[in-house]
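So the chains spell out like this:
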Amino acid sequence: MHMVVLAAFLPMEYGNFVIRESRKAGATLTSAIQTGRCGLLKQEVAMSLFDLSGPESIKTIPFPSEQDGLLPYIRRRQPLLLSGIKESLPFIQDWNYDFFRESLKSIRIQRQSEDGIYHYLGFERIPMAEFDEVMRTTGNGYALEPLKGRGVSEDLPNDVSVTLPAFVPQSRFRVSNLYIGPGKNKSLLHYDETHSLLMMLEGRKRFILFAPDQSDCMYPYSPFSLRALLENRVVDSKIDCQKLDLEAFPKLGKAKGITGWLEEGQALFIPAGTWHFIEAEGRNVSVNYFWLQNRVRDWLQQPLLDFWLKRRAIDVLDQLRKVKHKLSAAA
Ligand SMILES: O=C(O)CCC(=O)C(=O)O
């Protein structure tokens, strides 16, 4: 059936695509089809972010054991799936939900935002037994526990020890996080200034990645917005990942991503500046490495250029805060 006719019969909210008012949506779809303004709508309506995948598929390679094993992909900013993580990194061999439930005393979690997505805006530390209850009942909690690098808790037992793979230089390494989710947990569409290697230890996650050159279609927060700076949201997309509103965010319909499933025993390499949206299926445990390995030419392109501007703006705010503090101390 023709999409415009179909839209007239759809309920107010169909799947993840919001039809604010069916007549209005019909008009929007008609004009989009006539003008070809929004590539995707010529053939179909995007129901979820995963519908925005292009023809490209993700390559899988064996987990590299050499120091420069990932270098060609890092240079090209090519996302990858790596197979055989458990064989290559013996320390994760027995790591699953039961292992962490027994070994951790407490865990740092975030709660879902109003839109049902995890936005990484605030965390609380709760006893592991309480988190286990959340996992079995409400499911409203996604754990993010630093295991190595910045922010490691004093509660972390010594036997939970992370080793770096050969291709992550020690001097570039920033942090390794443990993620535990109850299932159906979704992480917002965002990018990081670091590369991430996300290793799946239990369960599976579906992902869609958009290359840095798609940033214009991702509707990031402005680095010139004081609020976005203070809330640390410059790396986030403003779109509602649960309800694609192509009327409010028309360029999103032009975006072409790479989708796939990250299966247990695999790792997903997400190059710095790559936009990613991740949704877990059942109970899930992952550990990642973040490391900073960008060339000047990478920083000069979006979205990392915005990130760089943000860092400078935060430095200025910090300086102003220090001056204000000194002035009030002197008065
Ligand atoms: O797995 C997730 O939910 C988020 C992981 C992520 O954002 C990352 O590895 O950069």
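Residues numbered from 1 in each chain as written. Predicted model: local features only at pLDDT ≥ 70, side-chain atom pairs only at ≥ 80, totals over all residues.

### Examining the overall build of the protein chain
Piece 1. Of the regular secondary structure elements, the protein chain holds 9 helices and 15 strands.
Piece 2. A buried classification covers 34% of the 331 residues belonging to the protein chain.
Piece 3. Summarising the internal contacts of the protein chain: among those between residues at least 6 apart in sequence, 77% fall at separations of at least 24. (Helix = DSSP H or I, 4+ residues; strand = E, 2+ residues; numbered from the N terminus. Buried ≥ 20, exposed ≤ 12 C-beta atoms within 10 Å, placed from the backbone. Contact = placed C-beta atoms within 7 Å.)

### Some details on the pairing of strand 13 (residues 266-270)
Piece 1. Strand 13 sits mainly inside the fold: 5 of its 5 residues count as buried.
Piece 2. Alternating positions in strand 13 separate into two faces, Gln-266, Leu-268 and Ile-270 on one and Ala-267 and Phe-269 on the other, with burial throughout.
Piece 3. In this structure, strand 4 (residues 80-83) lies alongside strand 13, joined through 4 bridges in antiparallel fashion. Looking at strand 13, one finds that Leu-82 is bridged to Ala-267. (Pairing = 2+ DSSP bridges.)

### What about the sheet that holds strand 11 (residues 205-210)?
As a general point, the strands of a sheet are linked pairwise by backbone hydrogen bonds and lie either parallel or antiparallel.
Piece 1. With respect to topology, 4 strands assemble into an open sheet ordered 9-14-11-12, the strand pairing being antiparallel. Pairing within the sheet leaves two strands with one partner each, and these edge strands are strand 9 (186-190) and strand 12 (258-262). Sheet twist, expressed as the mean angle between neighbouring strand axes with direction ignored, is 15°.
Piece 2. Alignment of strand 9 against strand 14 (residues 275-280), held across 3 bridges, turns out to be antiparallel. (Axes fitted to C-alpha atoms, helices over the stretch in contact; angles between N-to-C directions.)

### Some thoughts on the nonpolar core
Piece 1. Ala-143, Leu-189, Met-199 and Ala-267 are the most contacted members of the largest nonpolar core, which totals 61 residues.
Piece 2. If we skip the residues at most four places from it in the chain, Ala-143 touches Ile-107, Arg-108, Ile-109, Phe-131, Leu-178, Tyr-179 and Ile-180. (Core = buried A, V, L, I, M, F, W, Y, C linked by C-beta atoms within 7 Å.)

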